[in-house]
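One letter stands for each residue in the lines below.
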Amino acid sequence: MKNILRITALVTFAASSLTASAQTIQQDSTIKPAALDTARYDSLVNRLASGDKTGKWPVKKAPYPKAGAILPFYRVVAYYGNMYSKNMGVLGEYEPSVMRTKLKAEVKNWEAADPETPVKPALHYICVTAQADAGRNGLHNLRMPFSQIDKAIEMAKPINALVFLDIQVGFSTVQTELPLLEKYLKMPNVHFGIDPEFSMKEGSVPGKRIGTFDAKDINYVSNYLSSLCEKYNLPPKIFVVHRFTKRMVTNYQDIKLNKNVQFVMDMDGWGGPDLKKGTYKYFVADEPVQFTGFKLFYKNDIKNAPKRMMTPKEVLSLKPSPIYIQYQ
């Protein structure tokens, strides 16, 4: 089970922490994309299926995205973490320029492993962290100040990286936490993720047992993100859900897809290659939604024999082939 961030500094999500950079919403000054190339989209989705023989991939009846969609035209390679903790992931472990250099090196590794798919770098920032202590709000979570979210967005700019805002709700809900982030999610380069591991619906303290989200929670997020895309004329949002057990996502077959949201089920488990392949098969590949992701851990994946991380080529050989890659 992943480490839970423990922060002694008092931070709040109050409006008073809003910085000038967050007050001025980033404008989409890019040229509006042409119509979606559906033939190329179909070809790339079929390629990701990697010759799957189960009949589950590619997913049937998935809607075409609006023009400007990132997936499957690009692979996303992301660094994950929080700037208050070196233990939560590589994003917070290194000084920003060093972190960006390491991320760019990983991007090159993935481009070399699959030259046909260009790569977009990303920073996957945990902006609501689960806590063992109930805290001042009683919700066993800690909302990062807007100044920290601003910092993550600024850190992404030198390498034109995407930004993912990820939430660990604790005793709260996505219905409560997601709207608080709208000022950021209406930026065209900001996407979203949720971590069922720390959604403690049954009342356990985060870290004591693995939490859960239902398809109803996931559909709420998708509908909310879709409404932002319509309201602000945005290209599709990528929506990442982490998973490494069956219970983490219930009623997956009821997850609804739409043209404004590109859904990624991300295999979040750590361990040796065989264990990770099994987790991916049973909890991601066997329960198809739309796109798949795969997390690699610089430290945890090498704890046990054979004490090595999976290579990009090994990850790409999975069926289906993941289009979103995350490093912790």
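In this report, we go over the structure that sits alongside the text. (Residues numbered from 1 in each chain as written. Predicted model: local features only at pLDDT ≥ 70, side-chain atom pairs only at ≥ 80, totals over all residues. Heavy atoms only, no water.)

1. Here's the deal with the pairing of strand β5 (residues 190-194)
Then comes step 1: In terms of burial, β5 is a largely internal element, five of the five residues being buried.
Then comes step 2: Burial of β5 is two-sided: the residues V190, F192 and I194 facing one way and the residues H191 and G193 facing the other way are all buried.
Then comes step 3: Pairing geometry for β5 and strand β7 (residues 237-243), over three bridges, is parallel. Residue pairing across strands places I194 opposite V241, the latter belonging to β7. (Buried < 20%, exposed > 50% of the residue type's maximum accessible area, 1.4 Å probe, protein only. Helix = DSSP H or I, 4+ residues; strand = E, 2+ residues; numbered from the N terminus. Pairing = 2+ DSSP bridges.)

2. Regarding the pattern of salt bridges
Then comes step 1: In the structure shown here, the tally under the stated rule is 16 salt bridges.
Then comes step 2: R143 is paired through a salt bridge with E177; the nearest N and O atoms lie 2.9 Å apart. With R143 in strand β3 (residues 141-143) and E177 in helix α5 (residues 174-177), the pair connects residues that are 34 residues apart, well separated along the chain.
Then comes step 3: Given a relative accessible area of 1%, E177 falls into the buried group.
Then comes step 4: Across the pair K246 and E287 runs a salt bridge, and its minimum N-O distance is 2.5 Å. Note that K246 is positioned in the loop between β7 and β8 (249-250) and E287 in the loop between α8 (273-285) and β10 (291-296), a separation of 41 residues in sequence.
Then comes step 5: Residue E287 is classed as buried on the basis of its relative accessible area of 8%.
Then comes step 6: Members of the salt-bridge network, linked through shared partners, are R47, R75, D114 and E116. (Salt bridge = Lys/Arg side-chain N within 4 Å of Asp/Glu carboxyl O.)

3. Details of helix α7 (residues 215-232)
Then comes step 1: Here α7 spans 26 Å end to end across 18 residues, near enough to the 26 Å set by a 1.5 Å rise per residue.
Then comes step 2: Buried residues of α7: A215, D217, I218, N219, V221, S222, Y224, L225, S226, L228 and C229, and no others.
Then comes step 3: Backbone nitrogen of K216 and a side-chain oxygen of the N-cap are separated by 3.0 Å at the start of α7; the cap is D214.
Then comes step 4: Directly beyond the C-terminal end of α7, a positive phi value near 55° is found at N233. (Expected span 1.5 Å × (residues − 1). Polar contact = N/O pair within 3.5 Å; in protein donor to acceptor, adjacent residues only side chain to side chain.)

4. Brief notes about the nonpolar core
Then comes step 1: If you look at the biggest cluster of nonpolar residues, it comprises 67 residues, and the most contacted ones within it are L165, F192 and F239.
Then comes step 2: With residues up to four places along the chain from it excluded, the contact list for F239 reads F192, I194, I218, V221, S222, L225, V261, Q262, F263 and V264.
Then comes step 3: Counting residues in hydrophobic clusters, the runner-up holds 19 residues, among them L36, V45, F73 and V264. (Core = buried A, V, L, I, M, F, W, Y, C linked by side-chain atoms within 4.5 Å. Contact = heavy atoms within 4.5 Å.)

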